[in-house]
Structures are given as structure tokens and as C-alpha cells.
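# Summary of the model geometry
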Amino acid sequence: LFYMPQSSEIFNPKAFIYFDLDIPQQALTQIRYIEQNPSEYDKMLNEPILANGMETIEKYFSWGDTVGNGRLKARIRDMMGLR
């Protein structure tokens, strides 16, 4: 269960249940369905967590040189005029 606007850009929407504060019934319905269908829960557990694998890591999680080749770090340093 997850709430974060634009989370599907980072996380695979098939790997979690998105909780929309404006439409809570949607998440509750999905939880009920998964609870009654264990094979659907297993499918969800086997989905990749990130939306686009290494591309997602490079874009959102590459704070250091050892993760995603430091792509995000380089972008931040560029914006700050440090490169």
C-alpha cells in the first residue's frame, strides 16, 4: 500500500497498491480482491519494484558514483554550477 503522487514514474504500479486520498475505495477494493485471490497477490510480489529498472535507479537514486553511474549526482552538481 503506497501513497505518493506520480509514484508510477518510480515504482511499478503492478507491484503495489496505490492509495489515493481522493478515492480511498479504489485501494480498499483492490486489497479485498487480492486478499480473496492469493495467486494475484503472488503475481504482485513477483513484479519488479521499479518502473523502469536501471533507468529508474539512474534517474532517481544515483546520488553517488557507485549507483547508476552517479547520473543524478552529476545533474545536481551541474545545476549548482559545480561541474
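Above this text is the structure in question.
The rules behind these values
Residues numbered from 1 in each chain as written. Predicted model: local features only at pLDDT ≥ 70, side-chain atom pairs only at ≥ 80, totals over all residues. Heavy atoms only, no water. Helix = DSSP H or I, 4+ residues; strand = E, 2+ residues; numbered from the N terminus. Rg over C-alpha atoms; globule rule 2.2 N^0.38 Å. Phe/Tyr/Trp six-rings, centres within 6.5 Å; stacked < 30°, edge-to-face > 60°. Polar contact = N/O pair within 3.5 Å; in protein donor to acceptor, adjacent residues only side chain to side chain. Contact = heavy atoms within 4.5 Å.

### Side note on the overall build of the chain
- For the chain, the helix and strand inventory stands at four helices and zero strands.
- Secondary structure elements of the chain occur, N-terminal to C-terminal, as α-α-α-α.
- In terms of C-alpha radius of gyration, the chain reaches 17 Å, well past the compact-globule figure of 12 Å for 83 residues.
- Along the longest, intermediate and shortest principal axes, the C-alpha atoms of the chain span 55 × 30 × 15 Å.

### Details of the packing of aromatic side chains
- Summed over all chains, the structure comprises one aromatic pair.
- With centroids separated by 6.4 Å and ring planes inclined at 85°, the aromatic side chains of Phe11 and Phe16 adopt a geometry described as edge-to-face.

### Quick word on the side chain of Ser62
- Following the sequence through the fold, Ser62 ends up in the loop between α3 (54–60) and α4 (71–79).
- A polar atom in the side chain of Ser62 sits 3.4 Å from the backbone nitrogen of Arg71.
- A polar contact is formed between the side chain of Ser62 and the backbone nitrogen of Leu72, at a distance of 2.6 Å.
- If near-sequence neighbours (up to four positions away) are discounted, Ser62 is found in contact with Ile57, Val67, Gly68, Gly70, Arg71, Leu72 and Lys73.

### Here's the deal with the environment of Glu40
- If you trace the backbone, Glu40 turns up in helix α2 (residues 38–46).
- Among the polar contacts made by the side chain of Glu40, one reaches the side chain of Lys43 at a distance of 3.1 Å.

### Regarding unusual backbone geometry
- For Asn69, which is not a glycine, the phi torsion comes out positive at approximately 60°.
- Relative to the helices and strands, Asn69 resides in the loop between α3 and α4.

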